[in-house]
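Spelled out from the first residue to the last, the chains are:
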Amino acid sequence: MTSQPLTLHITWHFAPNHVPTFYEALRPLHEQIVQEKECLYFNVYEIAQQPGVVRLVEIWDCDMKWMAEVQSKKDYYAPFFEATKKISLQPQKIEVMKGVGEFRFMRL
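Residues numbered from 1 in each chain as written. Predicted model: local features only at pLDDT ≥ 70, side-chain atom pairs only at ≥ 80, totals over all residues. Heavy atoms only, no water.

Chemist: Hey, could you run me through the packing of aromatic side chains in this one?
Modeler: For any pair of aromatic rings, geometry is given as the distance between the ring centres together with the angle between the planes. Taken as a whole, this structure holds ten aromatic pairs when the rule is applied. Ring-pair connections join several aromatic residues into one group, and the members of that group are Trp12, Phe14, Phe22, Tyr23, Tyr76, Tyr77, Phe80 and Phe81. (Phe/Tyr/Trp six-rings, centres within 6.5 Å; stacked < 30°, edge-to-face > 60°.)

Now the structure itself:
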């Protein structure tokens, strides 16, 4: 396990009527990602005050180098990105979060 897990917030913007299409595209990707031993957490949230805005929150037992060079190059991402580029209003925003040591807590 890495000293600090890699936490990603990935935000997508769609017309509200395209959110179900996004979830259809996400379903097979989700099934693959949660099978990866490095994936510790994967949840999807809708921003309540912003219809059509969806955020993926992922926590990985890896560093950014491994994520960029190994995980992100897996073949199962291609169909997902092909489907989402047709309905996304703007490119997804990827934020790498850094936990503040004394305030990190996770109940297992």
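Chemist: What should I look at first to understand the nonpolar core in this one?
Modeler: A general trend in soluble globular proteins is that nonpolar side chains are found buried together. With 22 residues, the main nonpolar core has Phe22, Ile33 and Trp60 as its most contacted residues. Put simply, the parts of the chain that give this core at least two residues each are strand E1 (6-13), helix H1 (19-33), strand E2 (39-46), strand E3 (53-60) and helix H3 (77-85). For this core, the element with the highest residue contribution is H1, accounting for six residues. If we ignore the near neighbours within four places in the chain, the residues touching tryptophan 60 are Pro5, Leu6, Leu8, Ile33, Glu36, Glu38, Cys39, Leu40, Trp66, Met67 and Gln71. (Core = buried A, V, L, I, M, F, W, Y, C linked by side-chain atoms within 4.5 Å. Buried < 20%, exposed > 50% of the residue type's maximum accessible area, 1.4 Å probe, protein only. Helix = DSSP H or I, 4+ residues; strand = E, 2+ residues; numbered from the N terminus. Contact = heavy atoms within 4.5 Å.)

Chemist: Even after reading the chapter, I still don't get the packing of H1 against H3, so can you show me in this structure?
Modeler: A pair of packed helices is characterised by two quantities: the angle between their axes and the separation of those axes. For the pair H1 and H3, the least separation of the axes is 9 Å and the interaxial angle reads 165°. Classified by the angle between their axes, H1 and H3 sit roughly antiparallel to one another. Crossing hand, H1 versus H3: left-handed. Across the interface between the two elements, Phe22, Ala25, Leu26, Leu29 and Ile33 of H1 pack against Tyr77, Phe80, Ala83 and Thr84 of H3. By residue class, the composition of the contact of H1 with H3 is eight nonpolar, one polar and no charged. (Axes fitted to C-alpha atoms, helices over the stretch in contact; angles between N-to-C directions. Parallel < 35°, antiparallel > 145°, perpendicular 65-115°, else oblique. Left-handed = near helix turned anticlockwise from the far one by under 90°. Nonpolar A, V, L, I, M, F, W, Y, C, P; charged D, E, K, R; others polar.)

Chemist: Please explain the pairing of E1 as it appears in this structure.
Modeler: Along a regular strand, successive side chains alternate from one face of the sheet to the other. Of all eight residues in E1, seven are buried; the element is thus mostly enclosed. Examined bridge by bridge, E1 and E3 share eight bridges and lie antiparallel to one another. Each residue of the ladder has a partner; that of histidine 13, found in E3, is valine 53. Relative to strand E4 (residues 93-97), E1 is paired through five bridges, and the arrangement is antiparallel. Bridged to threonine 11 within E4 is lysine 93. (Pairing = 2+ DSSP bridges.)

Everything listed here is a matter of geometry and, on its own, says nothing about what the molecule does.
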